[in-house]
Amino acid sequence: MEKIKTFTLPKLPYDYNALAPYISEEQLKLHHDKHHQAYVNAANALLARLDEATKESSQVDYWVSYGYVKAFAKELAFNVGGHMLHSIFWDNMAPAGKGGGGAPTGAIAELINSNFGSFETFKKLFSNTAVSTEGSGWAALAVHPCIGRAMIMQIEKHNINVFPNFTVVMALDVWEHAYYVDYKNDRAKFVEAFWNVVNWDRINKNIALVK
Ligand code: MN
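Just so it is clear, the structure is predicted and the values come from calculations on it, not from any experiment. (Residues numbered from 1 in each chain as written. Predicted model: local features only at pLDDT ≥ 70, side-chain atom pairs only at ≥ 80, totals over all residues. Heavy atoms only, no water.)

I'd like a rundown of the packing of aromatic side chains, residues and numbers included.
Counted under the stated rule, the structure contains 20 aromatic pairs. Seen from their ring centres, Y62 and Y66 are 4.7 Å apart, and the 45 degrees between their planes marks the pair as tilted. The exposed category is assigned to Y66, whose relative accessible area is 54%. Grouping aromatic residues by their ring pairs yields a cluster made of F116, F119, F122, F126, F194, W195 and W200. For the cation-ring pair, K29 lies above Y16, with the distance from its terminal atom to the ring centre recorded as 4.8 Å. (Phe/Tyr/Trp six-rings, centres within 6.5 Å; stacked < 30°, edge-to-face > 60°. Buried < 20%, exposed > 50% of the residue type's maximum accessible area, 1.4 Å probe, protein only. Lys NZ or Arg CZ within 6 Å of the ring centre and 35° of its normal.)

Written as structure tokens, this is what we have:
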């Protein structure tokens, strides 16, 4: 088969034990090496199948006639969404006191103040978005240059409730696989812990890329 462009699991920008005690080594390793890797593998397998099918028009006709295209599109959005959001999530964290935690500075501080009034208000809204996500999902901060606003998205799974053309500059995974080793069923405790490792400098870099 012809070589296709594939997704790859990014290396973490810190050691597996670097986010402890807020996220333990065991929790982080499992989340990154097993869960994120699974989305990468699934997305690549789907794309390989698509490439294979599109070589033969009879195969495409078969997909169409049996309704496989709809299922394919859904599965692809889920797995690519999973890969992309995890990649943002790892990057927007850093060890506590070494780039992680504290009050926001620079562009993100300005954005938070102009859109939400204060960091405290934003923190409350973002945390509640995360905690109240039904089932598996994410809280994410997304920006769009044209309307000059930052909006909090409550993403279900990896791909539902996403605003098209907005750029996610900060993401928090609240799937159970993100916190169950450390916090069992206490999602709120995990969300509170996140603020100790949030990497504002990285989020500022993400904002600078939105033009
Ligand atoms: Mn996850």
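So what's going on with the coordination of the manganese ion? Which residues, and what values?
Donor atoms from the polypeptide that coordinate the manganese ion comprise H31 (NE2), H86 (NE2), D173 (OD) and H177 (NE2), at 1.9 to 2.1 Å from the metal. Mapping the donors of the manganese ion onto the primary sequence gives the spacing H-x54-H-x86-D-x3-H. Residue H31 is found in helix α1 (residues 25-55), and its partner D173 is found in strand β3 (residues 167-173); the two are separated by 142 residues along the sequence. Comparing H31 with D173, the two get one shared label, buried. (Donors = N, O, S within 2.8 Å, 3.2 Å for Na, K, Ca; no water. Helix = DSSP H or I, 4+ residues; strand = E, 2+ residues; numbered from the N terminus.)

Mind laying out the environment of A208, listing which residues take part and the relevant values?
Within the secondary structure layout, A208 lies in helix α8 (residues 200-208). Sequence separation between A208 and A107 is 101 residues; the distance between their C-alpha atoms is 8.1 Å.

Give a detailed account of the packing of α1 against helix α2 (residues 57-65), specifying residues and quantitative values.
Taken N-terminus to C-terminus, the directions of α1 and α2 make an angle of 115 degrees; their axes are 5 Å apart at the nearest point. Counted together, R49, L50, E52, A53, T54 and K55 of α1 and S57, Q59, V60 and W63 of α2 form the full contact between these two elements. Split by residue class, the contact of α1 with α2 holds 4 nonpolar, 3 polar and 3 charged. (Axes fitted to C-alpha atoms, helices over the stretch in contact; angles between N-to-C directions. Contact = heavy atoms within 4.5 Å. Nonpolar A, V, L, I, M, F, W, Y, C, P; charged D, E, K, R; others polar.)

Talk me through the pattern of salt bridges; I want residue IDs and the actual numbers.
Per the stated rule, a full pass over the model turns up 3 salt bridges. With a closest N to O distance of 3.9 Å, E52 and K55 form a salt bridge. Of the two residues, E52 and K55 are both situated in helix α1; the distance of 3 residues between them amounts to about one turn of the helix. On the accessibility criterion, E52 (33% relative accessible area) is partly exposed. Linking E192 and K123 is a salt bridge whose minimum nitrogen-to-oxygen distance equals 3.8 Å. Separated by 69 residues along the polypeptide, E192 in helix α7 (residues 187-194) and K123 in helix α5 (residues 119-131) bring together distant segments of the chain. For K123, a relative accessible area of 19% gives the class buried. (Salt bridge = Lys/Arg side-chain N within 4 Å of Asp/Glu carboxyl O.)

Before we move on, could you go through unusual backbone geometry and cite the residues and values that matter?
With an omega dihedral of 5 degrees, the bond running from A20 to P21 counts as a cis peptide bond. You can see P21 is positioned in the segment before α1. If you check the backbone angles, K157 has positive phi at about 55 degrees while not being a glycine. Tracing the sequence through the fold places K157 in the loop between β2 (149-156) and β3. Overall, the relative accessible area of 39% leaves K157 in the partly exposed class. Despite not being glycine, N161 has its phi angle at roughly 80 degrees, a positive value. By secondary structure assignment, the location of N161 is in the loop between β2 and β3. For N161, a relative accessible area of 40% translates into the label partly exposed.

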